[in-house]
Amino acid sequence: MVRPRPLAAAPAAVAERRARRPAPRPPEGTPPRARLAAMAREGLADAVRVARWAEAALPRGGPAARPAAPADGEGTLSEATAARAAGELGLTPAKVRADWDTARLAGLVEVHGGVARPGWRLRAWDRDDSAVLRGWVALFDAWSLVHPGPDELTPAAGAEVIEAVPQLLTLLQLSDGPVPVTQLLDLLEQRVEELRTQRCEIPYGPRTEPAAEPAEDVPLATLLDWALHGLAAVGALTYADGHATLTPLGSWAVWVRLEQICVAAQSPAGNIEQPAEEMLRGCARLRPQSARSEYRAWLAARPVGSAVAELLEAARGEDAMVRSLAFEALRVVGAPAEAEVRAAAEDALLRPYALLWLAEHDGTDPEDAPLVLSRQEATWLWVDTAAAVADHGEAPLLVRHLEAAVQPTVPALLADVRAVGHPRTVQVLVALAAAHPDPALAKAVRRAAFQVHTGGA
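As a starting point, this report considers the structure included with it. (Residues numbered from 1 in each chain as written. Predicted model: local features only at pLDDT ≥ 70, side-chain atom pairs only at ≥ 80, totals over all residues. Heavy atoms only, no water.)

**Things to note about the overall build of the chain**
When its secondary structure is counted, the chain shows 23 helices and 7 strands. Burial status across the chain gives 45% buried among its 457 residues. Pairs at least 24 residues apart make up 66% of the contacts formed inside the chain by residues separated by at least 6 positions. (Helix = DSSP H or I, 4+ residues; strand = E, 2+ residues; numbered from the N terminus. Buried < 20%, exposed > 50% of the residue type's maximum accessible area, 1.4 Å probe, protein only. Contact = heavy atoms within 4.5 Å.)

**So, the packing of aromatic side chains**
According to the stated counting rule, one finds 3 aromatic pairs in the structure shown. Ring geometry for Phe327 versus Tyr353: centroids 5.5 Å apart, planes at 20°, classification stacked. With Phe327 in helix H16 (residues 320-333) and Tyr353 in helix H18 (residues 351-361), the pair connects residues that are 26 residues apart, well separated along the chain. For Tyr353, a relative accessible area of 7% puts it in the buried group. (Phe/Tyr/Trp six-rings, centres within 6.5 Å; stacked < 30°, edge-to-face > 60°.)

**Let's talk about the packing of helix H15 (residues 304-315) against H16**
The contact between H15 and H16 brings their axes to 8 Å, and the two run at 160°. The angle between H15 and H16 falls in the class roughly antiparallel. You can see that H15 and H16 cross each other, and the crossing is left-handed. For the pair H15 and H16, the contacting residues are Val304, Val308, Leu311, Leu312, Ala314 and Ala315 in the first and Val322, Arg323, Ala326, Phe327, Ala329, Leu330 and Val333 in the second. Residue composition of the contact of H15 with H16, by class: 12 nonpolar, no polar and 1 charged. (Axes fitted to C-alpha atoms, helices over the stretch in contact; angles between N-to-C directions. Parallel < 35°, antiparallel > 145°, perpendicular 65-115°, else oblique. Left-handed = near helix turned anticlockwise from the far one by under 90°. Nonpolar A, V, L, I, M, F, W, Y, C, P; charged D, E, K, R; others polar.)

**Digging into the sheet that holds strand S7 (residues 243-246)**
One open sheet accounts for 3 strands, arranged S5-S7-S6; its pairing is antiparallel. Of all strands in the sheet, those with a lone pairing partner are strand S5 (179-180) and strand S6 (237-240), marking the two edges. Here S5 runs beside S7; their pairing, made up of 2 bridges, is antiparallel. Looking at the pairing, Pro180 lines up with His243 of S7. Running over the sheet, helix H9 (residues 155-175) touches S5, S6 and S7 and is turned about 80° from S7. (Pairing = 2+ DSSP bridges.)

**Considerations on the side chain of Thr247**
Mapped onto the secondary structure, Thr247 falls in the loop between S7 and helix H12 (248-265). Residue Thr247 is classed as buried on the basis of its relative accessible area, which comes to 16%. At 2.7 Å, the side chain of Thr247 forms a polar contact with the backbone oxygen of Gly235. When neighbours within four sequence positions are excluded, Thr247 is seen to be in contact with Gly235, Ala236, Leu237 and Thr238. (Polar contact = N/O pair within 3.5 Å; in protein donor to acceptor, adjacent residues only side chain to side chain.)

**Let's talk about the nonpolar core**
Membership of the largest hydrophobic core comes to 64 residues, with the highest contact counts inside it found for Leu108, Trp136 and Leu169. If sequence neighbours within four positions are ignored, Leu169 has contacts with Phe140, Leu231, Leu237, Leu246 and Val254. If you look at the next biggest cluster of nonpolar residues, it comprises 62 residues, including Phe327, Ala354, Leu355 and Ala388. (Core = buried A, V, L, I, M, F, W, Y, C linked by side-chain atoms within 4.5 Å.)

**Thoughts on the pattern of salt bridges**
Going through the model one piece at a time under the given rule, you end up with 19 salt bridges. A salt bridge links Arg281 to Glu277; its shortest N-O distance comes to 2.8 Å. Taken together, the residues Arg281 and Glu277, both in helix H13 (residues 276-283) and 4 residues apart, mark about one turn of the helix. Residue Arg281 is classed as partly exposed on the basis of its relative accessible area of 26%. (Salt bridge = Lys/Arg side-chain N within 4 Å of Asp/Glu carboxyl O.)

**Here we look at the pairing of S6**
Relative to S7, S6 is paired through 4 bridges, and the arrangement is antiparallel. If you follow Leu237 over to S7, its bridge partner there is Leu246. Counting the residues that bridge the hairpin from S6 to S7 gives 2 residues, and of these Asp241 lies at a positive phi of roughly 55°.

This is the structure:
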C-alpha cells in the first residue's frame, strides 16, 4: 500500500511507476513543441532580456521591486531601477516597465514582498521547452492585465468578458482561419446574456426605496475590442481588418485548456472538489496509474501555485501515508513545483521526500535516487514509511518493510532508528515487534522501543 519508494523498489514497481497516460495529440497542423517553444522565446525575448539584466545587475535579494499594494503583494519596478535598466539596455523606462511586467506575468521573475528574484522558468529558459511554453501560457492566461481596458470599464463588465473569452477562442480554433469581428460580437452578446441570466436575483420582500438607476454599460463592441487587443498583445491571435485569427501558439494554448477540462472531467474517483488531504486519502485505495490520473484531474482544476502549496501543507501533517502520496502528486506537477520543493527540503519532516523528488527531477533514475540520502535521512524515511504501513497496512507488509532498510543487519537498523529521533519511532517498533514471527527478533525490537520510550541510547 505504501511502498518504500526511496529504498530498493522492485523493478516491476519501478516500471509501473514510470507508466504514464498516453499523451494526447494536438490538432492536425499544430507545429511541433520545439517550434512552438521557439515562437514563445521570440515573443518573450524582450521580457527575458530585462529579467536577465535584473538577475546580473542587482544584488541577490535586492529591492528590485516594491509592492504595488500590500494586500496582493504584486510588485512593480521601482523608478530608480527602471531608469538604470533603461540606460544600460538602451531602452525607455516605459519599455523597461512593460517588459518587467511581462516577465513577472510569465514567471520569469518572482516578487516576494519587496524582493525580486529569478523565477525557475528563467533558469530553464534555454534548455527546457516545457518551461518556455508554461511561461507563455501563464502570460496568455493574464491577457486582461497586459492591455489596459477602457477607462469606463467596471469590474463586473470586465469579469463577464473574461469569462466569455474561452468561448470566443474556441470558435476561433474551430474556424481554423480568420473570423469576422461581427461574428465574435454576436457570440459575446449571447454569452454575456447567459451569464446575466444565470446570476439574476429578485429581491425578497417589499421594496422601501426606489431602485437606483443602473450605470450605463460599456458597449460590448468596445469590450470585445479590448479583449482582442489584449490577446493580440500576448501573441495569441492577430487582429486586423475586422477579422481575428489564432496564431499557432494561440491555437495550441486553446487546445491545452480544452484538454485540461477533459482531464478534469475524467476523474476516476471524483475527488476534484476535495481539499488536497482528502483527495490523497481517496487515492490511497487506487492503483498507481489510476491515482496519477486522479492527481492530474485534481491539478487541472486548480492554479499550479496554490495546488503545490496545498499538497505541501498536507504533507506536513501527521499522517505519513498522506505525506508520501503528496510527493507522488508533486511528481505529476513536475518542474513548476521545483522552487517550493527545494524550500521544503529545509524542513526536517519533508527533507528525505524532497531530496528524492529533486533527484528524479534532475534526471536521476528512480532506482538510484535513494543514493542522494544520507544514512540518517534514509533511516528517517524508513521510520516514516513504516508508520504509514502500521497505520494503514497489514502486519506482513510491516515485516517485509525490514528488507527496505539500508542497514545490513537488524541490530544496525535498530541502533540508527533509536538515534534518528523520529516522533513515531516507539509506535513503529512496538507494531513491528507485535507483527514479526521471530520471537528473538521481536524481543530485540521491543527492547529498542522501551529504550527509546525511557530516553535510553
